[in-house]
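Coordinate analysis (summary)
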Amino acid sequence: MSRKASENVEYTLRSLSSLMGERRRKQQEPDAASAAGECSLLAAAESSTSLQSAGAGGGGGVGDLERAARRQFQQDETPAFVYVVAVFSALGGFLFGYDTGVVSGAMLLLKRQLSLDALWQELLVSSTVGAAAVSALAGGALNGVFGRRAAILLASALFTAGSAVLAAANNKETLLAGRLVVGLGIGIASMTVPVYIAEVSPPNLRGRLVTINTLFITGGQFFASVVDGAFSYLQKDGWRYMLGLAAIPAVIQFFGFLFLPESPRWLIQKGQTQKARRILSQMRGNQTIDEEYDSIKNNIEEEEKEVGSAGPVICRMLSYPPTRRALIVGCGLQMFQQLSGINTIMYYSATILQMSGVEDDRLAIWLASVTAFTNFIFTLVGVWLVEKVGRRKLTFGSLAGTTVALVILALGFVLSAQVSPRITFKPIAPSGQNATCTRYSYCNECMLDPDCGFCYKMNKSTVIDSSCVPVNKASTNEAAWGRCENETKFKTEDIFWAYNFCPTPYSWTALLGLILYLVFFAPGMGPMPWTVNSEIYPLWARSTGNACSSGINWIFNVLVSLTFLHTAEYLTYYGAFFLYAGFAAVGLVFIYGCLPETKGKKLEEIESLFDHRLCTCGTSDSDEGRYIEYIRVKGSNYHLSDNDASDVE
Ligand SMILES: O[C@H]1[C@H](O)[C@@H](O)[C@H](O)[C@@H](O)[C@H]1O
């Protein structure tokens, strides 16, 4: 078969694969074209045994061909180079996790050494997330114009510069500048790295390799919590090490990327086709790249014809239905990821653990690293599952479990509130001291007021002689006045101090809810919004689509984490967790209705999944989870079988 003819067959087959869902419905009335040969291949795609029967009808030896193809497929290994590229890129994810995670521990030391008030503490934490939101949005243009590689290099330079400024800072203003620079790096990395990995990966490994980036994010968060624990013993300047250490992976990534290639898809779009071919064959080892190369190129040309190239990309995306739908799905996923409360769990896990009865500050910090570790390990489960069960089932199952865990967490707080100890002792405030805390009647009310703490004695397992008094602003380990004023003294007198929690026999339910939450969230809702966003936009809209959805992620991140303490104050803790459970339940309906399966599909095929009305895309195509791939065997294309991916010559 001539090359041109074989291309035509491939092209027809590709289109057929995306039309498969529709065709299956029309199977009773095969059209003329299918009768003339396509039909036998389509039928072959329906079951693995039918290839044999097609062979019987269309010439012997097809069974042999299948066996040969399968043998060849098994020999085709993805070159180690793709993994090296993925790991170097994912260092961006590691820095994202490290820099967002490390600040809570650093803040404990910083606030003492630089006498930071609450406003400055909030500024130092949220400035990074705010800067990330801005640079993620701006990163779209940067990626489109200068390419993925340049954007990653810029992000690692920003990480390095920001970490150096933070480590050397001598006042809070310099710290703020450093946190802003690091935030700019996080935003660019968060939107570029998944796109870059998706564009260099072969389709059968794409989900797994992009999910590795989220594994690195949660790995960075875990590593940050260990560093926080270790340097918390170094009261003076410990924070310099905590914040400065990020420079090491940043420098490694920067130098690594000086030697790593640009995304071949971006190069083709920019007309640098020779270079793109070279890089693509480097990434595919002994597999032929012709089909992939042609399909990327055809796709770009077709899209230009269909959508045009005039006007800002975001306007073209919004006026072209498939990309508009993809954008809604991508942004919706990122929004629901944050609305289900992951970052209140991550940032406040030490507090939640304290509320569940862990009284010691240091122990709570170390236990928080157990939480971060759970998030990390279960993201690994996601890496393993993503190519097995697919994105849709994994995301849906994960969010369903997360919703249940949130309800358990909330019920734990309801139970604790119901058995909340009564306040039996109302001390008189010394003159000039604040007495507002003494008006509360139950520990539960006292705990929700950030200015107050609960001071009590125990008689066997019953709380006695309890009072609510103001907390010492300099150290939440003791009260501002009264029996709990001096930590070392009251401990010898068998008096207890509870800040942010109430002594309760039901504390284990909060702990159970917390662990269950991460076990369910981490494999699906953690990584899938990033993975799916890296795949659902056509090339011309990919940078902008990812910029918008990452921006949404960061904006909702700030909104949810900044409002948690206030939400808890107005709605109580259980109210806050019921609220997140409500958001997660709405997210479930959204995912069920709108998230199509992208597993195993070529990036160029995914656009057609958004051809239908939005809330039919999750359910319309019965190909869900089936991966139909045609392989080239000595010039002809045959369907190998579901879930096998290959391109053998
Ligand atoms: O996917 C990540 C991951 O789940 C992190 O643990 C979380 O802190 C981020 O906000 C999220 O985007």
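Before going into details, it helps to say that this report is about the structure given with it. (Residues numbered from 1 in each chain as written. Predicted model: local features only at pLDDT ≥ 70, side-chain atom pairs only at ≥ 80, totals over all residues. Heavy atoms only, no water.)

**Quick notes on the overall build of the chain**
In terms of regular secondary structure, the chain is built from 27 helices and five strands. In the chain, the proportion of contacts linking residues at least 24 apart, taken out of those at least 6 apart, comes to 75%. When the accessible area of the chain is evaluated, it comes to approximately 25,900 Å², of which 62% is carbon and sulfur surface. (Helix = DSSP H or I, 4+ residues; strand = E, 2+ residues; numbered from the N terminus. Contact = heavy atoms within 4.5 Å. Areas by Shrake-Rupley, 256 points an atom, 1.4 Å probe, with all protein chains shown as cover.)

**Structural notes on the site of the ligand**
Taken together, Thr-214, Thr-218, Gln-221, Gln-337, Gln-338, Asn-343, Asn-375, Phe-521, Gly-526, Trp-530, Asn-553 and Asn-557 are the residues near the ligand. The contact in question runs from an oxygen atom of the ligand to an N or O atom on the backbone of Gly-526, over 2.8 Å. In isolation the ligand exposes 300 Å². Once the protein is present, 99% of that is buried. Looking at the shell around the ligand, the elements with two or more residues in it are α10 (203-231), α17 (321-339) and α26 (539-594). The dominant element in the shell around the ligand, judged by the number of residues it contributes, is α10, at three residues. (Near = heavy atom within 4 Å. Polar contact = N/O pair within 3.5 Å; in protein donor to acceptor, adjacent residues only side chain to side chain.)

**Side note on helix α9 (residues 172-200)**
In a regular helix each residue adds 1.5 Å, so 29 residues correspond to 42 Å; α9 covers 42 Å between its end C-alpha atoms and thus fits that length. The largest bend in α9 is about 30°, located at Ala-189. (Expected span 1.5 Å × (residues − 1). Bend = angle between axes of the 7 residues up to and from the residue.)

**Concerning the state of the cysteines**
With the rule as written, the count across this model stands at four disulfides. Put simply, Cys-446 and Cys-468 are joined by a disulfide, and their sulfur atoms are 2.2 Å apart. Here Cys-446 and Cys-468 share a disulfide; its torsion about the S-S bond, 85°, makes the bridge right-handed. Residue Cys-446 is found in helix α22 (residues 443-448), and its partner Cys-468 is found in strand β2 (residues 462-470); the two are separated by 22 residues along the sequence. With respect to class, Cys-446 is no different from Cys-468; both count as buried. The residue that forms a disulfide with Cys-455 is Cys-484, at a sulfur-sulfur distance of 2.0 Å. Torsion about the S-S bond of the Cys-455 and Cys-484 cystine: about 85°, corresponding to right-handed handedness. Within this pair, whereas Cys-455 is found in strand β1 (residues 452-459), its partner Cys-484 is found in the loop between β2 and α23 (487-492), the two being separated by 29 residues in sequence. (Disulfide = S-S within 2.5 Å. Buried < 20%, exposed > 50% of the residue type's maximum accessible area, 1.4 Å probe, protein only.)

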